[in-house]
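Take a look at the letters that make up each chain.
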Amino acid sequence: MALLNFRRKEAPSPAGVNADVEAFLQDFSIEVMPRTAEKVEDFRALLPAQTRVYIAHIEGTPIDDMVATAKRLHADGFKVMPHFPARIIRDRATLADWIARYQGEADVKQALLLAGGVASPHGDFSDSMQLLETGLFDEAGFERLHVAGHPEGNRDIDAKGTANVDAALKWKNDFQTRSDAQMAIATQFAFDAKPIIAWADSLRDAGITLPVHIGIAGPAKLQTLIKFAIACGVGPSLKVLQKRAMDVTKLLLPYEPTDVLNTLAAHKAANPDFNISHVHFFPLGGIKTNANWAIENGGSSAVPANAA
C-alpha cells in the first residue's frame with residue numbers, strides 16, 4: 001500500500017515533535033461511530049487527506065446511519081472502512097445488501113471483519129471467517145480487508161489462554177493467499193508497549209505475515225479509559241492505568257498515549273522489519289481531542305487536509 005507523505009524533505013520536523021513518533025504515525029487511522037461523527041463539523045479540519053476512517057457498527061445502529069456516515073466521509077476524501085460484525089448480520093442476503101449499499105452510495109472498497117460484541121449470533125454468522133468464506137467481498141472487488149487482533153487475548157473467544165484466537169489468526173493469515181484484497185490485523189487497544197511488542201513478535205514467530213495496525217486509545221479521562229478497558233477485556237496493560245490512578249499528581253490529568261507511542265515508535269525505528277506497520281486510534285475521549293493530540297505530536301504525519 002502506498003503511504004501518504006505530507007513531509008517536504010527540505011523542511012525539518014516541527015520543534016518538539018519526536019521524529020520516531022512522526023514516522024510511526026504516518027498514515028494513521030481513526031475510528032468513529034455515526035453518533036460521534038455527527039458531532040464533528042468538519043473532518044478535513046482535523047484529519048489528513050485520505051485518512052482511513054473506520055466506522056464502528058454497534059448493535060442496534062441502523063444500516064442507514066452507517067451508510068450515511070460512510071457517504072459523508074467519502075465525499076470529504078477519506079478512505080472509509082466500515083465494520084462488518086458477523087454476529088449482527090442475519091444471512092448472506094443481508095451481507096450482500098450491506099456491501100451493495102456501501103459501494104453504491106459511498107464507493108466503499110475496504111472493510112473490517114470481526115465477530116462483533118454480542119454474545120449470541122442474530123443469524124447465520126458467528127465469526128469473521130464465515131464472512132470471508134462467502135466470497136462476497138472479493139466478488140465486489142474490495143481492495144482491503146482487515147481482521148481483528150487482540151494483543152492481550154479475547155475473553156469472548158478464549159476463557160483462558162489464547163488458543164482459539166491464535167488458531168483464527170493462522171486461518172486468516174492463510175486466507176490472504178485466496179483473496180485479491182490486501183489484508184492486515186487491526187487490534188484492540190492496549191496501554192503498555194512491552195506486551196504489545198511481545199505479542200507482535202509471537203505472531204512473527206508463528207509464521208503470521210499479516211501486518212499489524214496497532215490499536216491505541218486516544219487522550220481521555222482516566223476513569224473513562226478504565227471503564228472501556230474493563231468492558232473490552234484489556235488485560236495486563238490495564239495495570240498502567242491502575243498505577244496512574246494511584247498517583248494523586250496524575251489522577252485528575254487526562255491520559256495521553258505519549259509513553260506507549262514513544263516506546264513503540266523507538267522500537268520500530270530500531271527494528272524496521274517490526275510487523276506493526278500502522279497506528280489505529282480509538283478516540284475514547286472524543287474525535288477532536290484525539291485529532292488535536294495527533295496534530296500536536298505527529299508533525300507532517302498529522303497535517304489536516306484543510307491545512308495541507
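Here's what I pulled together on the structure shown here. Predicted model, so just to flag it, every value in this text is computed and none were measured.

So, on to the side chain of H146. Secondary-structure assignment places H146 in strand β5 (residues 144-149). Within the local environment of H146, its side chain forms a polar contact with the side chain of Y54, the two groups lying 2.8 Å apart. In this structure, H146 is in contact with R52, Y54, M81, A111, L112, L113, A184, A186 and H213, ignoring residues within four places of it in sequence.

This brings us to the pattern of salt bridges. Any two side chains of opposite charge can pair, so long as their charged atoms come close to each other. In the structure shown here, the tally under the stated rule is seven salt bridges. With its nearest N and O atoms 3.0 Å apart, the salt bridge here joins D205 to R204. Judged by its relative accessible area of 58%, D205 is exposed. A single network of salt bridges, built from pairs that share partners, joins D64, R101 and E105.

Once that is clear, we can look at the pairing of strand β7 (residues 212-217). With respect to burial, β7 is a largely interior element, six of its six residues being buried. Residues V212, I214 and I216 line one face of β7 and the alternating positions H213, G215 and A217 line the opposite face, and both faces are buried. Looking at chain direction, strand β6 (residues 182-189) and β7 are connected through three bridges and run parallel. From the neighbouring strand, F189 faces β7, where its bridge partner is G215. On the question of chirality, the crossover connecting β6 to the parallel β7 by way of helix α8 (residues 193-205) is right-handed.

Assignment of secondary structure puts T51 in the loop between α2 (34-37) and β2 (52-55). Overall, T51 belongs to the buried group, its relative accessible area being 2%. Other than its neighbours up to four places away in sequence, T51 contacts F28, S29, F78 and K79.

Scoring rules and cut-offs
- Residues numbered from 1 in each chain as written.
- Predicted model: local features only at pLDDT ≥ 70, side-chain atom pairs only at ≥ 80, totals over all residues.
- Heavy atoms only, no water.
- Helix = DSSP H or I, 4+ residues; strand = E, 2+ residues; numbered from the N terminus.
- Polar contact = N/O pair within 3.5 Å; in protein donor to acceptor, adjacent residues only side chain to side chain.
- Contact = heavy atoms within 4.5 Å.
- Salt bridge = Lys/Arg side-chain N within 4 Å of Asp/Glu carboxyl O.
- Buried < 20%, exposed > 50% of the residue type's maximum accessible area, 1.4 Å probe, protein only.
- Pairing = 2+ DSSP bridges.
- Right-handed = clockwise from strand over helix to strand, strands pointing away.

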